[in-house]
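Listed below are the residues making up each chain.
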Amino acid sequence: MTEEKFDAIVVGAGMAGNAAAYTMASRGLKVLQLERGEYPGSKNVQGAILYANMLETIIPDFREDAPLERHLVEQRFWLMDDTSHTGMHYRSDDFNEPTPNRYTIIRAQFDKWFSRKVRAAGAIVLCETTVTELARDARGKVIGVHTDRAGGIRADVVVLAEGVNGLLGTRAGFRKVPKPEAVALAVKEMHFLPEEVIAERFGLTGDQGCVIEAAGTISRGMAGLGFLYTNKESISLGIGCLVSHFAASLESPYALLDAFKDHPSIRPLIAGSEIKEYAAHLIPEGGFKAIPQLFGDGWVVVGDAAQLNNAVHREGSNLAMTSGRIAGEAIATIKSRKRPMTRDNLSLYKSMLDKSFVVGDLRKYKDMPALLHTNSRNFFITYPRLLSQAAQNFVRVDGTPKIEKERATKAAFIKARSRWGLISDAVRLALAWR
Amino acid sequence: MRASVVRIEDKLYQNRYLVDAGRPHIKVRQHQSPSPNLLALTVVCPANCYQVNEDGQVEVTADGCMECGTCRVLCEESGDIDWSYPRGGFGVLFKFG
């Protein structure tokens, strides 16, 4: 152990870790942040959409120099079968506002920027350093960390912002390894195209952006989602499904991705692109019921490591950022009261988080994971196919009387799911959404 | 849908890695025949790091690993594999992420 002692050590330089380190350093705490990657962002993967509001709370003037790709003016939700998509698109000129609400970002670039802000606020950031173990005293209180490159380092409190694969917390017995049914594996490619080609294909001008989120037969019966996000000169394209479903159905993630790319609705959007990266990452999907113990003697856990992800709204980084900020504020408050970083005192973090949108939103959808995960074939194959047939039946003009067309559509739904099945699916969905 | 043969090598070739030669961060426990989850990794690992050898055992070559943790979630608790982070600075280095 080195002699130097920090007020706080933050493990990880993703959204949660950067928010925590920034918050504490800018309140005058002596902060050390450790990151195992070559640079902040080099181990991080996200779609990625940034929600301005949550970052604004931390860095109000971020728009001045943050590397933002496009501000979103259009959101497309698609239900897909093998040859079609049925879509709901929302595009609004209201999103062309002075301080836009959502942006696409490229994480490796964004995280480097965020890290510069953390350093400017006064934190010491050490990269290429893997924390191997938490240092604990005889009573089990966390008193620092052991690293592979910088030896042991002491701190009053350790903020575990170690991501979805947080090894330290599980090895210390603070939480379990996530269950295969509580995480999704997402694979993603970066497709580069000239800026004007992207603008033309999606009807965009300037830095306007468009995103597509798609479900249906593309996930082959697994609970999953495909996505396509427009960046300035690239398209982020990927698909994710529950790990338990991958293991049970023995689907290859990259074959799934390639089939998605080859879908007739997607293929023309990425035609002629140059692929420059292939990434894979886990996404916490367990929701409210999967949130582990969030604090203890000398430690708190934030972000993906704490399973803080809203699977229904595809929001993760803003929950990570907000939990990091709140943990930082709680620690700074305890420090300003000259109180020790005990389990009792650190419970302030949880009570503050419980009052925020983070836990509120996750509680709202607490039953959604179980519903979608256990009925995945209905929600991801049967209904998308039925909807596609219904839409085709509605728009195709072939001389069949309209009354017969309507009857055929109704009969198809009843045949596939039965009257009782349809009602029960609707009721369960409504209850889980409530 | 058009049939396409996916070559994972072509995908991984785009990525940047700093391989920690001789210090793999994933190890497969000695076994006679693989458990269902261990065998599943030969299909579901997104970097295709897991292969069945001539004797029917599963082996790992983690050079192309993207550190997603899918194998950890499926096989760490059962003891089928040991999973650690690579040493600081090593492993996959995402350019975009």
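On a predicted model such as this, the values are computed, not experimentally measured, just so you know.

**Describing unusual backbone geometry**
In most cases, non-glycine residues show a negative phi, while peptide bonds are predominantly trans.
Residues and elements named next belong to chain A.
(1) Moving on: In the segment running from glycine 47 into alanine 48, the intervening peptide bond is cis, with an omega of 15°.
(2) Moving on: Following the sequence through the fold, alanine 48 ends up in the loop between β2 (31–34) and β3 (49–51).
(3) Moving on: Phi is positive for arginine 314, which is not a glycine, with a value near 55°.

**Observations concerning the interface of chain B and chain A**
(1) Moving on: Each partner contributes to the interface: chain B provides 35 residues, whereas chain A provides 47 residues.
(2) Moving on: For the side of chain B that touches chain A, the secondary structure elements donating two or more residues are α1 (8–12), α2 (36–44) and α3 (70–75) of chain B.
(3) Moving on: Of the residues contributing to the side of chain B that touches chain A, the split by class is 17 nonpolar, ten polar and eight charged.

**With respect to helix α13 (residues 376–395) of chain A**
The periodicity of an α-helix, 3.6 residues per turn, causes residues three or four positions apart to be oriented the same way.
(1) Moving on: The end-to-end C-alpha distance of α13(A), which contains 20 residues, comes to 28 Å, matching closely the 28 Å that a straight helix rising 1.5 Å per residue would cover.
(2) Moving on: For α13(A), every residue scored as buried is listed here: Ser376(A), Phe379(A), Phe380(A), Tyr383(A), Pro384(A), Leu386(A) and Ser388(A).

**Describing the nonpolar core**
(1) Moving on: If you look at the biggest cluster of nonpolar residues, it comprises 158 residues, and the most contacted ones within it are Ala8(A), Ile9(A), Val11(A), Val158(A), Val159(A), Val300(A) and Val302(A).
(2) Moving on: Ignoring anything within four residues of it in the chain, the contact list for Val302(A) reads Ala16(A), Ala20(A), Val159(A), Ala161(A), Ala320(A), Ser323(A), Gly324(A) and Ala327(A).

**Let's talk about helix α5 (residues 195–202) of chain A**
All names here are of chain A.
(1) Moving on: Every buried residue of α5 is accounted for by Ile198, Ala199 and Phe202. Viewed along the axis of α5, the buried residues span an arc of 100°, placing them on a single side of the element. When the buried face of α5 is taken as reference, the exposed residues oriented beyond 90 degrees from it are Glu196 and Glu200.
(2) Moving on: Packed against the buried residues of α5 are β12 (208–216), β13 (224–230) and β14 (234–242).
(3) Moving on: Looking one or two places after α5, you find glycine 203, whose phi comes out positive at around 65°.

**Overview of the environment of Gln389(A)**
Residue and element names in this part refer to chain A.
(1) Moving on: Examined against the element boundaries, glutamine 389 turns out to sit in helix α13.
(2) Moving on: For glutamine 389, a count of 18 C-beta atoms within 10 Å translates into the label partly exposed.
(3) Moving on: Spatially, the C-alpha atoms of glutamine 389 and phenylalanine 413 are 9.9 Å apart, while their sequence positions differ by 24 residues.

**A few points about the packing of helix α1 (residues 15–25) of chain A against helix α3 (residues 107–120) of chain A**
Residue and element names in this part refer to chain A.
(1) Moving on: With their axes 9 Å apart at the nearest point, α1 and α3 run at an angle of 20° to one another. One finds that α1 runs roughly parallel with respect to α3. Considering only the axes of α1 and α3, their crossing is left-handed. Touching Asn18, Ala21, Tyr22 and Ala25 of α1 are Asp111, Phe114, Ser115, Lys117 and Val118, all from α3.
(2) Moving on: Tallied by class, the residues present in the contact of α1 with α3 amount to five nonpolar, two polar and two charged.

Procedures and definitions
All residue numbers refer to position in the chain's written sequence, counted from 1. Numbering of ligands from 1 and lettering of chains from A proceed in the order in which they are written. In view of the model being predicted, local features appear only for residues whose pLDDT reaches at least 70, and side-chain atom pairs are presented and counted only at 80 or more, with totals across whole chains, interfaces and linings using the full set of residues. Each helix is a run of DSSP H or I of at least 4 residues and each strand a run of E of at least 2, with the numbering of both proceeding from the N terminus. Any two residues are considered in contact once their C-beta atoms, placed from the backbone, lie within 7 Å. Under the scheme applied here, ten amino acids are nonpolar (Ala, Val, Leu, Ile, Met, Phe, Trp, Tyr, Cys and Pro), four are charged (Asp, Glu, Lys and Arg), and all others, including Gly, are polar. Here a helix's expected span is defined as the number of its residues, less one, multiplied by 1.5 Å. Counting other C-beta atoms within 10 Å of a residue's C-beta gives its exposure: the residue is buried at 20 or more, exposed at 12 or fewer, and partly exposed in between, where C-beta atoms are placed from the backbone. Note on definitions: a nonpolar core is a set of buried residues drawn from Ala, Val, Leu, Ile, Met, Phe, Trp, Tyr and Cys, linked by C-beta atoms within 7 Å. Note that the arc is defined by the directions from the helix axis to the C-beta atoms. Axis definition: a line fitted to C-alpha atoms, over the contacting stretch in the case of helices. Angles run 0 to 180 degrees between N-to-C directions. If an angle is under 35 degrees, it is roughly parallel; if it is over 145, roughly antiparallel; if it lies from 65 to 115, roughly perpendicular; otherwise it is oblique. By convention the crossing between two helices is left-handed if the near helix lies anticlockwise of the far one by an angle smaller than a right angle, and right-handed if it lies clockwise.

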